[in-house]
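Below, each chain spelled out in residue letters.
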Amino acid sequence: MIIRHLEGKDCVFILVCMILVVAQVFLDLTIPQYMERITTALQMGTSTDVIVTHGKTMVLYAFLSLLASVCAGACAAKAASSLGRTLRRKQFENVSRFSKQDMDRFSASSLFTRSTNDVYTVQMFHSRSIITIVKAPLTAILAIAVISTSNWMWTT
């Protein structure tokens, strides 16, 4: 298990990332409601002040969603890079303990590839999966909840 190599501060970054993803999903799913309000206001012939107010709120939510997304990506990258550093350090410690016979079994290029490409692949997977594992199911669940509360006929 690679996750056991996470340090305490990495877990904090992952938690912050998850909170930011929840905020992003909430904001992303709120924006269409403001678009609906703008459309209704236009159809009813409401004053432009109401439309402008809803439009400003919608743009603010879009900007906050972008900000949450960037910050979540930064937190995920920070946690993943720390994990990569830890894995490289542990790998170096293990290779340093190799005997002469063990060193003859591995080529220098093989050890170099493992210490760079393999760890980088794990690091990138970790970074991307933190956000995806939270965002995808949360978006689906909240979208179904929003749709079912706005019009029950759309859920059948």
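Predicted model only: the values in this text are computed from it and were never measured.

Attention now moves to the overall build of the chain. Along its length, the chain carries four helices and zero strands. Overall, the chain shows an N-to-C arrangement of helices and strands of α-α-α-α. At 24 Å, the chain has a C-alpha radius of gyration far larger than the 15 Å of a compact globule built from 156 residues. Within the chain, the fraction of its 156 residues that count as buried is 26%. In the chain, the share of contacts with a sequence separation of at least 24, taken over all contacts with a separation of at least 6, comes to 83%. For the chain, the accessible area works out to roughly 10,500 Å², and carbon and sulfur atoms hold 69% of it. Across the chain, the centroid of the 15 positively charged side chains sits 5 Å from that of the 9 negatively charged ones.

A side chain of one charge can pair with a side chain of the opposite charge if their charged atoms are brought near each other. What the rule picks out here adds up to one salt bridge. Two residues, Glu 93 and Arg 89, come together in a salt bridge whose shortest N-O distance is 3.8 Å. Remark: Arg 89 and Glu 93 occur in helix H2 (residues 48-96); sequence separation between them is four residues, near one turn of the helix.

Another aspect to go through is the packing of aromatic side chains. Per the stated rule, a full pass over the model turns up one aromatic pair. One cation-aromatic arrangement involves Arg 37 over Tyr 34; the distance from NZ or CZ to the ring centre is 4.7 Å.

Looking at where Leu 6 falls in the secondary structure, it is placed in the segment before helix H1 (8-44). Accessibility expressed as a relative area gives 15% for Leu 6, which makes it buried. On a C-alpha basis, the gap between Leu 6 and Leu 87 in space is 9.4 Å, while along the polypeptide they are 81 residues apart. Ignoring any residue separated from it by four or fewer positions in sequence, one finds Leu 6 in contact with Cys 11, Ile 14, Leu 83 and His 126.

Any residue range with low pLDDT should be treated as having predicted coordinates unsuitable for detailed reading. This prediction gives the chain a mean pLDDT of 84; 94% of its residues lie at or above 70. For the chain, the element scoring lowest by mean pLDDT is helix H3 (residues 100-105), at 75; H2 scores highest, at 89.

What follows is about a nonpolar patch on the surface. A grouping of Leu 60, Phe 63, Leu 64, Leu 66, Leu 67 and Val 70 is seen on the molecular surface, where their side chains present a nonpolar patch of about 550 Å² in accessible area. Tracing the backbone through its elements, the reader meets Phe 63 in helix H2.

What follows covers the environment of Ile 131. Tracing the backbone through its elements, the reader meets Ile 131 in helix H4 (residues 108-150). Classification of Ile 131 as partly exposed rests on a relative accessible area of 21%. Separated by 59 residues in the primary sequence, Ile 131 and Ala 72 have C-alpha atoms spaced 7.5 Å apart. If sequence neighbours within four positions are ignored, Ile 131 has contacts with Cys 17, Val 21, Ala 72, Gly 73 and Ala 76.

Definitions and limits used
Every chain is numbered independently, its residues counted from 1 as its sequence is written. With pLDDT at 70 or above as the cut-off, local features in this predicted model cover only qualifying residues; side-chain atom pairs require 80 or more to be listed or tallied, and sums for whole chains, interfaces and linings still use all residues. Computation of side-chain values: all heavy atoms of the structure, hydrogens and water removed. Elements are defined by DSSP. Helices are runs of H or I of four residues or more, strands are runs of E of two residues or more, and each kind is numbered from the N terminus. Computation of the radius of gyration draws on C-alpha atoms, with the globule rule given as 2.2 Å multiplied by the number of residues to the power 0.38. Accessibility here uses a 1.4 Å probe with only protein chains present; expressed as a share of the type maximum, an area under 20% marks a residue as buried, one over 50% as exposed, and anything in between as partly exposed. Two residues qualify as a contact provided that any one of their heavy atoms is within 4.5 Å of a heavy atom in the partner residue. Here, Shrake-Rupley sampling with a 1.4 Å probe gives the accessible areas, and only protein chains in the shown set may cover a residue. The charged-residue count follows a simple rule in which Lys and Arg add positive charge and Asp and Glu add negative charge, with His and chain termini not counted at all. Charged groups are reduced to one reference atom each: NZ for lysine, CZ for arginine, CG for aspartic acid, CD for glutamic acid. Any carboxyl oxygen of Asp or Glu that lies within 4 Å of a side-chain nitrogen of Lys or Arg is treated as forming a salt bridge with it. Each aromatic pair joins two rings of Phe, Tyr and Trp (for Trp, the six-membered one) with centres within 6.5 Å, and gets the label stacked for planes under 30 degrees apart, edge-to-face for over 60, and tilted for any other angle. By definition here, charges over rings are those cases where NZ of Lys or CZ of Arg is within 6 Å of the ring centre and within 35 degrees of the ring normal. Per-residue confidence from the prediction method is given by pLDDT, with values spanning 0 to 100. The patch calculation keeps residues exceeding 30% relative accessible area without a salt bridge and links them within 9 Å when they carry like charges or within 5 Å when they are nonpolar (Val, Leu, Ile, Met, Phe, Trp, Tyr).

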